[in-house]
Amino acid sequence: MTKKWWQNAVVYQVYPRSYQDSNGDGVGDLAGLTQRLPYIKRLGADVIWLNPIYKSPDKDNGYDISDYQAIQPVYGSMADFDQMLATAHQTGLKILMDLVVNHTSDQHKWFQESRQSKDNPYADYYIWRDPVDGHAPNNWGSYFSGGAWTYEPKRGQYYLHLFAPGQPDLNWENPKVRQEVWNLMRFWLDKGVDGFRMDVINLISKPAGLPDAPVAPGAQYGNSEPLVSDGPKLNDYLQEMNREVLSHYDVMTVGEMPGSTPEDAIQYTGLDANELNMVFQFEHVGLSANPDERLGKWNDQPVQLIDLKRSLSRWQTALDGKGWNSLYWNNHDQPRAVSRFATDDPQYRVRAAKMLGTTLHMLQGTPYVYEGEELGETNVHYTKLSDYEDLESLNAYHQNVEEDHLVDSQTMLKYLAHISRDNARTPMQWDATANAGFTTGKPWFALNPNYPQINAKSQVDDDQSVFNYYRQLIALRHHSDLIVYGSYQALDPEDNQVFAYKRHYQGQTLLVISNFTAESVTRDYGQAQASQRLIGNYADDAGTTLRPYETKVYQFN
Ligand code: TEU
C-alpha cells in the first residue's frame, strides 16, 4: 500500500464567518484568517478545511451557493482569497475548499433560468416533477423540517430540495450538470487549492422513480435518507469526477456521507480506488437519536460509551487496509465535543478535552480538529429560542412544537441546547478582551460567555493547556508510523467506563487507555510492561489506577 501525504496529515476546520474579523463588520473574513495562519501552524495542523466562502444569499450560512466562482463580499475579494492561499502555502498549510454540489442556491442563475419554463437551456439542471393528485410528487421530508418539494407556478411543477427550499437539488443525471461541476472544480484547483471536502456528496444520485419513503408512525413526511444516500449511480459519478478532474491534480478529497456504512465507504475510499480519499461518516454522531423517530436527532441523552466504542471500532476494523477513515468529534454541524462526549464541568473540562483528543488522535485515519476544539471550547447552554440563528434549529422548533405538537417548548429548548449546530458556530475565542478579540464591531452571532476563561491567548504559552496537549498529539502522529498505519484492536468492548484499544505495526504496539468517567477505576491492560508512556493528561502515572477522565498512551517496542 503506497503511503499518501494525507494519511499522516491533521486537518483544522475553519468556519470563516466565526474565525477572525479584520474590518470590524462583525463577520470573520479571509484577511482575518490570513492573520491567524501562524496560530494554526503552531498547533501543528497540515491542512485547513474552509467552510464555503462563495457568493450566497446565506440562507444556510453559505451552503446555498449562487456563484461558485465568486467570493461572498463579506469575506473579502478574490485578491484576499489569493493572498490567503499564497500565505497558507508559504506557511506550510494546504487548503481544502468546501464543494457543495448536491444543490445550489435558488438564486443561482441556473435555477433562476430553470424555473422559468420546461424548455430553456437549464430546464433539466434540477429535479422537477409534475404534481401527483395536485400534491408533491412523493412524501419525502426535508433535513430542515417540512416537505422536500416546493411548487413553481411558472412551470406548473414541483422541484426537489432535500434541505431548504432555497437549496434546490441538482440533477446529476444531466451530463451538462456534471460538466459544470467539473469546470468549477478545475477553476479552484487551477488556482492551487489542495482539494475538497464534498458536502453530502453521497446524496447526489437519486433512486429511479423517486419512490415514497417509509413514514414513522404519526409522522407527516417520509425519511428519504435510506433512499437517497449512496444512490445507484454514485460510484459512476465519483469515478467520472476522478477521471475528469481529480486524477489530474495531487489533491486530497473527503466526502461527507450521511447514512453511509463501512461497506459503502470501502467502495468510495478503497486505497487504490479511483474515487475519494476518505469519508465523513455519521454513525458515532448519530448514536443518541430520539426514540421517537419523528424527532430525529433532537434529544438530550448522553451517548453510551459502549455504543461509541462499538461504532468507532466497527469503522476502524472495517476500513483497515481497505479504505481510510476521517476522525472527528465535532464540526460546524455538531455540538462541542467536550460537552457531548465527556463533560464541560469546570472541575474536569481540561482533562476531559485532552482525554477526548487522545482517544480520537490515536486511531487510524486522518484527524480533523474543529476551530476551538483545541482550546476545549464548550456548548453555550442556550436557554431561549432567540439565542438561535441556524435555520435547522429554528425550523425544527417551529415544526416540532408549533406545527406538529410533538414536544412542548421547554423540552425542545433542552434538545436544542444539547445538540444544535449553533453551539459550534459562536465566534472563535482568541482572548479575554471585548468579543474575545474576534471583532471590534458587533459580532454576527453572540459569543460563548465563557470566553474570558477559555481562549487561545491564555493557552498558547501554557504547557498544561488543551492547546499544547493537542499540539503534542499532532506531533506524535507526525513522527509515528505505528499511530498512522497501525491496525486496530478493541479491548473490553463491554466496558462502559473505559475506552481502551491497541494499535499494532511492524512489531510495535500502542496501548491507549481513556477513562470516560469522573470516577477513579482500576484497569490492567499490561501497561506496566510498556517500553514508555508517550503522553497522558496527568503528570504522573498511577499504573492500573485510572483517575477521573484520565487518558494515557503507552508504546511497546
Ligand atoms: O450537512 C449535511 C447533513 O446531513 C446535515 O443535515 C447535518 O448532518 C445536520 O445538519 C446535522 O444536524 C451539510 C453541511 O455540513 C451543513 O452545514 C449544511 O447545512 C447541509 O449539508 C446542506 O448543505
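Provided above is the structure to which this section pertains.
Residues numbered from 1 in each chain as written. Predicted model: local features only at pLDDT ≥ 70, side-chain atom pairs only at ≥ 80, totals over all residues. Heavy atoms only, no water.

A. View of the site of the ligand. The ligand sits among 19 residues. The nearest are Asp-60, Asp-199, Lys-297, Asp-333 and Glu-392. Here an oxygen atom of the ligand sits 3.0 Å away from a polar atom, N or O, in the side chain of His-103. His-332 is positioned such that a nitrogen or oxygen atom in its side chain is 3.0 Å from an oxygen atom of the ligand. Taken together, the residues of the shell around the ligand sort by class into 7 nonpolar, 3 polar and 9 charged. (Near = heavy atom within 4 Å. Polar contact = N/O pair within 3.5 Å; in protein donor to acceptor, adjacent residues only side chain to side chain. Nonpolar A, V, L, I, M, F, W, Y, C, P; charged D, E, K, R; others polar.)

B. Expanded view of helix H7 (residues 262-269). Inspection of H7 places Pro-262, Asp-264, Ala-265, Tyr-268 and Thr-269 among the buried residues, and these make up the whole buried set. Axial view of H7: buried residues confined to an arc of 150°, hence all on one face. Buried residues in H7 make contact with helix H6 (234-244), strand S11 (278-280) and helix H8 (305-319). (Buried < 20%, exposed > 50% of the residue type's maximum accessible area, 1.4 Å probe, protein only. Helix = DSSP H or I, 4+ residues; strand = E, 2+ residues; numbered from the N terminus. Arc of directions from axis to C-beta. Contact = heavy atoms within 4.5 Å.)

C. Summary view of the sheet that holds strand S9 (residues 195-198). Taken in spatial order, the 8 strands make up an open sheet running S11-S10-S9-S5-S2-S1-S13-S12, and their pairing is parallel. Both outer strands of the open sheet, S11 and strand S12 (326-327), are each paired with one neighbouring strand and no more. Judged from the 4 bridges that link them, strand S2 (residues 47-50) and strand S5 (residues 94-99) form a sheet pairing that is parallel. In the sheet register, Leu-50 faces S5, and the bridge partner there is Met-97. Across the sheet, helix H4 (residues 175-190) touches S5 and S9, and the angle it forms with S9 is around 135°. (Pairing = 2+ DSSP bridges. Axes fitted to C-alpha atoms, helices over the stretch in contact; angles between N-to-C directions.)

D. Examining the nonpolar core more closely. Tyr-12, Tyr-39, Ile-40, Phe-81 and Met-185 are the most contacted members of the largest nonpolar core, which totals 127 residues. The contacts of Tyr-39, once residues within four sequence positions are left out, are Tyr-12, Tyr-19, Glu-374, Leu-375, Met-428, Trp-430, Ala-456, Val-460 and Phe-467. Trp-298, Tyr-382, Val-401 and Val-407 belong to the second largest nonpolar core, which has 17 residues in total. (Core = buried A, V, L, I, M, F, W, Y, C linked by side-chain atoms within 4.5 Å.)

E. The pairing of strand S13 (residues 366-370), seen in detail. Taking burial as the measure, the 5 residues of S13 include 5 buried ones, the bulk of the element. Here S13 shows no split at all, with Thr-366, Tyr-368 and Tyr-370 on one side and Pro-367 and Val-369 on the other all buried. Two strands pair when backbone bridges link them, and strand S1 (residues 11-14) and S13 are joined in this way by 3 bridges, in the parallel orientation. When the sheet's bridge partners are listed, Tyr-12 is paired in S13 with Val-369. With 2 bridges joining them, S12 and S13 adopt parallel strand pairing. Paired with Ser-326 across the bridge in S13 is Thr-366.

F. Highlighting the sheet that holds strand S15 (residues 498-505). Strand order in this open sheet of 5 strands is S14-S15-S16-S20-S18, and the pairing throughout is antiparallel. The open sheet has two edge strands with one neighbour each: strand S14 (487-491) and strand S18 (532-536). The average angle at which neighbouring strand axes cross in this sheet is 20°, direction not considered.

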